[in-house]
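# Working through the structure, step by step
Residues per chain are reported as follows:
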Amino acid sequence: MADSPAAPTPVTGPTSDELRVLVLAGGLSYERDVSLRSGRRVLDALRAVGVEAELRDADVALLPALTADPPDAVVIALHGATGEDGSLRGVLDLCDVPYVGCDARSSRLAWDKPSAKAVLREAGIPTPDWVALPHDRFSELGAVAVLDRIVDRLGLPLMVKPAQGGSGLGAAVVREAASLPAAMVGCFAYDQTALVERYVPGMDVAVSVLDLGEGPRALPPVEIVPRNGVYDYAARYTAGRTTWHAPARLDAATTAQVTEVALAAHTALGLRDLSRVDLIVDAEGRPHVLEVNVSPGMTETSLLPLAIQAAGLDFGRVLGTLVSRAAARRR
Ligand SMILES: Nc1ncnc2c1ncn2[C@@H]1O[C@H](COP(=O)(O)OP(=O)(O)O)[C@@H](O)[C@H]1O
Ligand SMILES: [Mg+2]
């Protein structure tokens, strides 16, 4: 009696091999190529577990297609603003099409790094000290005076990165005050607002959080070792530029602490299904959360698939469970 008000809420929907899934990939962000690689990988993995899946871009043909032939669920393999700023999720909500991942509001919050950091700090989760500076304010207040104050307050080195963005684009480490103006200009090429953050030396670690129906759990932390020391765009997507260790080479106590902080960040931001928490573990073993991704990369060299493998799980089955759960949310 599906209509009975007393019927229990289903934990999962139909089995994944009865589902029709639309994988969204491409978009017009700087991360288009990465997204297309993520999308194809997700498509193959879903098909391998018997899910009927199709790949599509988020373009003018999308809404007519969703209306004419609504899928049971959508997987958003779009990175950058299209996949992560919440707007596409809002439109899917309007169309009553369920999707894997968090809702529009939480996505928007996580996407804006300064807003997310404020929430994390409020929740007692460690994140490096920062200031967010829109280009207009930077000019109005006088660049030199503002930059002097930032260096006085936050010290050196600093990390400059777009307030909204990803894949390391527009980001720079600033080791001396004289290089700060150029880093700001480089950053403003990618976003109206620059996030200037205290640089924390240490180990780059990504913790993927997954909820397959029993509540969020953290997968083994993945350690990232970029060959030239900087985890920028080239290091991420060029074969041989980066080495990974999954699980990260951390002792048990540090692993437990990193895992706990990642789960706390996922929860504080109100996330759902999956996320990837990027953090630095400093020389004392303390974690510092940099950002949380709601549409993490799914390419062959991406961190979430590596973590899934390190946890002894199958990528296709995990996706199958996530799409079943999303489909069960349809109103
Ligand atoms: N405050 C910081 N201290 C040290 N390294 C940082 C800091 N912020 C960013 N990084 C480095 O830059 C990379 C990208 O930063 P992140 O905030 O994750 O942005 P995104 O992945 O969206 O480009 C991190 O993985 C890390 O290597
Ligand atoms: Mg990151």
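Above this note sits the structure.
Residues numbered from 1 in each chain as written. Chains lettered and ligands numbered in written order. Predicted model: local features only at pLDDT ≥ 70, side-chain atom pairs only at ≥ 80, totals over all residues. Heavy atoms only, no water.

Below, the discussion takes up the side chain of H288. Within the secondary structure, H288 is located in strand β13 (residues 287-293). Contact partners of H288, with chain neighbours within four places excluded, come to P126, P128, V200, D278, L279, I280 and D282. (Helix = DSSP H or I, 4+ residues; strand = E, 2+ residues; numbered from the N terminus. Contact = heavy atoms within 4.5 Å.)

Turning next to the coordination of the magnesium ion (ligand 2). The protein atoms that coordinate the magnesium ion (ligand 2) are D278 (OD) and E291 (OE), at distances spanning 1.9 to 2.0 Å. Of this pair, D278 sits in strand β12 (residues 274-281) while E291 sits in strand β13, and the two are 13 residues apart along the sequence. Looking at D278, the relative accessible area reads 10%, which means it is buried. (Donors = N, O, S within 2.8 Å, 3.2 Å for Na, K, Ca; no water. Buried < 20%, exposed > 50% of the residue type's maximum accessible area, 1.4 Å probe, protein only.)

What follows is about the environment of G90. Note that G90 resides in helix α4 (residues 87-94). Each C-alpha atom of the pair G90 and G80 lies 16 Å from the other, and the pair is 10 residues apart in sequence.

Turning next to the pattern of salt bridges. In this structure the tally under the stated criterion is 18 salt bridges. For E300, the salt bridge goes to R37, with nearest N and O atoms at 3.5 Å. Pair noted here: E300 is in the loop between β13 and α12 (303-310) and R37 is in helix α1 (residues 32-48), with a separation of 263 residues, a long-range link. Residue classification places E300 among the partly exposed residues on the basis of a relative accessible area of 48%. Among the salt bridges present, the one from R56 reaches E54, with a minimum N-O distance of 4.0 Å. Each of D211, D273, R325 and R329 takes part in one network of salt bridges that share partners. (Salt bridge = Lys/Arg side-chain N within 4 Å of Asp/Glu carboxyl O.)

So, about α12. Of all the 8 residues making up α12, 6 are buried; the element is thus mostly covered by neighbouring parts of the structure. Buried within α12 we find L303, L304, P305, L306, A307 and I308. Contacts from the buried residues of α12 go to α1, β8 (203-210), β10 (222-226), β11 (242-245), β12 and α13 (315-328). Of the residues trailing α12, G312 is marked for its positive phi of about 80 degrees.

What follows concerns the nonpolar core. The tendency in soluble globular proteins is for nonpolar side chains to be buried as a group. Judged by nonpolar contacts, the single largest core of 36 residues is most densely connected at V21, V23, V42, L46, V75 and V323. Those elements that provide at least two residues to this core are β1 (20-24), α1, β3 (73-76), β8, β10, α12 and α13. Counting contributing residues per domain, this core is built from domain 1 (16-101) and domain 2 (109-125 + 201-319), each supplying no fewer than three. Beyond its immediate stretch of four places on either side in the chain, V323 contacts L19, V21, L46, A73, V75 and V100. L269, V277, L279 and V289 belong to the second-largest nonpolar core, a separate cluster that totals 23 residues. (Core = buried A, V, L, I, M, F, W, Y, C linked by side-chain atoms within 4.5 Å. Domains from an automatic or database assignment.)

Attention shifts here to the pairing of strand β5 (residues 158-162). Within β5, 5 of the 5 residues are buried, which leaves the element mostly enclosed by the surrounding structure. Covered by surrounding structure in β5 are L158, V160 and P162 together with M159 and K161, the residues of both alternating faces. Note: β5 against strand β6 (residues 172-174), 3 bridges, orientation antiparallel. Note that in β6 the partner of V160 across the bridge is A172. (Pairing = 2+ DSSP bridges.)

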